[in-house]
Amino acid sequence: MATSRITYFTAERELVLDLFSPFCSNQLAEEGVKNEEKYRRNVIKKSKVEGKEHVNWKGKTVPAKNPGSNVCSCKSNCLQSFSEGDMIEIFSKLHNMTTKVEQDIFIQSLMEVSPVERERSRPGSSSEKPKAFSVSYSISTQWQTHQD
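Just so it is clear, the model here is predicted, and its values are computed rather than measured.

On to the overall build of the protein. Check the secondary structure of the protein and you find four helices and seven strands. Taken from N to C terminus, the helices and strands of the protein fall in the order β-β-α-α-β-β-α-α-β-β-β. Counting across all 148 residues of the protein, residues that qualify as buried make up 14%. Taking the intrachain contacts of the protein between residues at least 6 apart in sequence as the baseline, contacts between residues at least 24 apart amount to 28%.

Turning our eyes to something else, we now look at the side chain of Q103. Tracing the sequence through the fold places Q103 in helix 4 (residues 100–109). Apart from residues no more than four positions distant in its own chain, Q103 is found in contact with V49, L94, H95 and M97.

Before going further, it helps to spend a moment on the confidence of the model for the protein. Across the protein, the average pLDDT comes to 76, with 70% of residues at 70 or higher. Between residues 23–27, whose pLDDT stays under 50, and residues either more than four places distant or in other chains, the model counts six contacts.

Attention now goes to the packing of helix 3 (residues 84–95) against helix 4. Viewed as axis vectors pointing N to C, helix 3 and helix 4 meet at an angle of 135 degrees, and their least axial separation amounts to 9 Å. Taken as axis vectors, helix 3 and helix 4 run oblique relative to one another. When helix 3 is examined against helix 4, the residues K93, L94 and H95 are found in contact with a partner set consisting of Q103, F106 and I107. For the contact of helix 3 with helix 4, the residue count by class is three nonpolar, two polar and one charged.

Thresholds, definitions, all that
Residues numbered from 1 in each chain as written. Predicted model: local features only at pLDDT ≥ 70, side-chain atom pairs only at ≥ 80, totals over all residues. Heavy atoms only, no water. Helix = DSSP H or I, 4+ residues; strand = E, 2+ residues; numbered from the N terminus. Buried < 20%, exposed > 50% of the residue type's maximum accessible area, 1.4 Å probe, protein only. Contact = heavy atoms within 4.5 Å. pLDDT = per-residue confidence, 0-100. Axes fitted to C-alpha atoms, helices over the stretch in contact; angles between N-to-C directions. Parallel < 35°, antiparallel > 145°, perpendicular 65-115°, else oblique. Nonpolar A, V, L, I, M, F, W, Y, C, P; charged D, E, K, R; others polar.

Right, dumping it as structure tokens:
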């Protein structure tokens, strides 16, 4: 079986690649060292996870994330039960995680999914599919557990 070869000529040297070689991709990166932490996509990704100020792909500066106020739009005003110290503790716990996957797992651990107890027909929304699950959240702080 003959192997296919591609030859690239550069000013410094000749680079020959075997198409069937398992080391083909390593030979391309031979001239430089990968420093993936400095890649723009990774800098943006890390800044978003940590909640730091960064410049997005469009060139706009995204401000740093801060713990919000105790204003909530839900019926039970769940954020009113949190003190400012509790909110800062939860915020710092979330943003001290190193990856988005860890943050997602943390948030999913706070959720409890259950089937809808009673399906009600809504007038004027016949085209919408009824929801199949209800999600409730519970957040534990150092002193107490809060549920929504």
